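What follows is each chain in one-letter form.
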Amino acid sequence: MEQGGWNEAVFLLLGAALTWAFYFVQRRVERRGDVDAIERHQKLLALKQGLDGANVDLDELRRFERRLIGKAEVAVRLADDYFTRAEQVARDSDDARISQTEMNQQAATRFERVDRRLDALVVHLRRQLDAGNRATFDEAHRAWLRFRECYARFISQSYSTGSIRPLIHAVTLESITAAWTTELETQLGDESLGED
C-alpha cells in the first residue's frame, strides 16, 4: 500500500473512531437527561409519600413556605431598621443641639411604643389559645421577658461610658422586642394587628 493509501486508511479509521465516540458521548448525554428526570420523579414520589405518611398536605407546606419567606423578609427589614437606627444615633451624637438625655428619652419612647404593640399582640394571642396552650405560652413569654431585660442590661453594660448606657439599653430593648413580636406573628400566623 502506498503512503497516500495509508493516510486515507488512517483518516478513515480516525473518522470512524471519532464518529463512534461522538455517538456514544451524545447517547450518554441524552441518557443523563433521562436519568436526571427519573431521579427527579423518584424524589418527588418519595416526597409525596412522605407528606402522605406525615398527614401533611400541600396547602400546609405552602403556608409553611410563606411563613419562612415572611421571616426572611422581616429579618431583612429589622436589619435595615437597626442600621438606620445606628446611623441616627451616630448623627445625633455629633449634633450638639441634642443632649444625651434627649437621645435617651427618644430611645425610651420608641421602646415603649414597640412594647405596647407587643402587649396588644400578647392579649390578642392569649384569647385565641386554649387553657393548656395559654399556660405554656404564658410561661414562655415570662421567660422571654426575663431574658429581654438581662440581655439588654448585658449589652448596655458592655459599653465603658455610663452616659450612653441608658441609650444602648433602650435601643436593645426596642430591637429585641420588635424581633420577638415579629417572631410571634410569624410563628402563630397572626398578622391581623398590623403595624403602628
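Relevant structure appears above.
Residues numbered from 1 in each chain as written. Predicted model: local features only at pLDDT ≥ 70, side-chain atom pairs only at ≥ 80, totals over all residues. Heavy atoms only, no water.

### Focus on the overall build of the protein
Part 1 of the reasoning: Within the protein one finds 5 helices and 0 strands.
Part 2 of the reasoning: Shown N-terminal to C-terminal, the secondary structure of the protein runs as helices and strands in the order α-α-α-α-α.
Part 3 of the reasoning: Buried positions account for 22% of the 196 residues belonging to the protein.
Part 4 of the reasoning: Relative to all contacts within the protein whose residues are 6 or more apart in sequence, the contacts with residues 24 or more apart total 73%.
Part 5 of the reasoning: Carbon and sulfur atoms provide 59% of the accessible area of the protein, an area that totals close to 14300 Å². (Helix = DSSP H or I, 4+ residues; strand = E, 2+ residues; numbered from the N terminus. Buried < 20%, exposed > 50% of the residue type's maximum accessible area, 1.4 Å probe, protein only. Contact = heavy atoms within 4.5 Å. Areas by Shrake-Rupley, 256 points an atom, 1.4 Å probe, with all protein chains shown as cover.)

### Side note on the nonpolar core
Side chains of nonpolar character tend, in soluble globular proteins, to be buried together.
Part 1 of the reasoning: Counting residues in each nonpolar core, the largest one holds 9 residues, listed as Leu-118, Leu-121, Val-122, Leu-125, Phe-137, Trp-144, Ile-176, Trp-180 and Leu-184.
Part 2 of the reasoning: At the level of elements, helix 3 (100-128), helix 4 (131-157) and helix 5 (165-188) are the ones that each hand at least two residues to this core.
Part 3 of the reasoning: Looking at this core element by element, the count peaks at 4 residues for helix 3.
Part 4 of the reasoning: Setting aside residues up to four positions removed in sequence, Leu-118 forms contacts with His-141, Trp-144, Arg-148, Thr-177, Trp-180, Thr-181 and Leu-184. (Core = buried A, V, L, I, M, F, W, Y, C linked by side-chain atoms within 4.5 Å.)

### Considerations on helix 4
Part 1 of the reasoning: Compared with the 39 Å implied by 1.5 Å per residue over 27 residues, the 39 Å span of helix 4 between its first and last C-alpha is a close match.
Part 2 of the reasoning: Of all the positions in helix 4, only Phe-137, Asp-138, His-141, Trp-144, Arg-148, Ala-152 and Ser-156 are classed as buried.
Part 3 of the reasoning: Residues of helix 4 that are buried sit in contact with helix 3 and helix 5. (Expected span 1.5 Å × (residues − 1).)

### Considering a nonpolar patch on the surface
Part 1 of the reasoning: A cluster of nonpolar residues, Phe-147, Tyr-151 and Phe-154, forms a patch on the protein surface that exposes about 320 Å² of accessible area.
Part 2 of the reasoning: Counting through the fold element by element, Tyr-151 comes out in helix 4. (Patch = residues over 30% accessible without salt bridge, like charges linked within 9 Å, V, L, I, M, F, W, Y side chains within 5 Å. Salt bridge = Lys/Arg side-chain N within 4 Å of Asp/Glu carboxyl O.)

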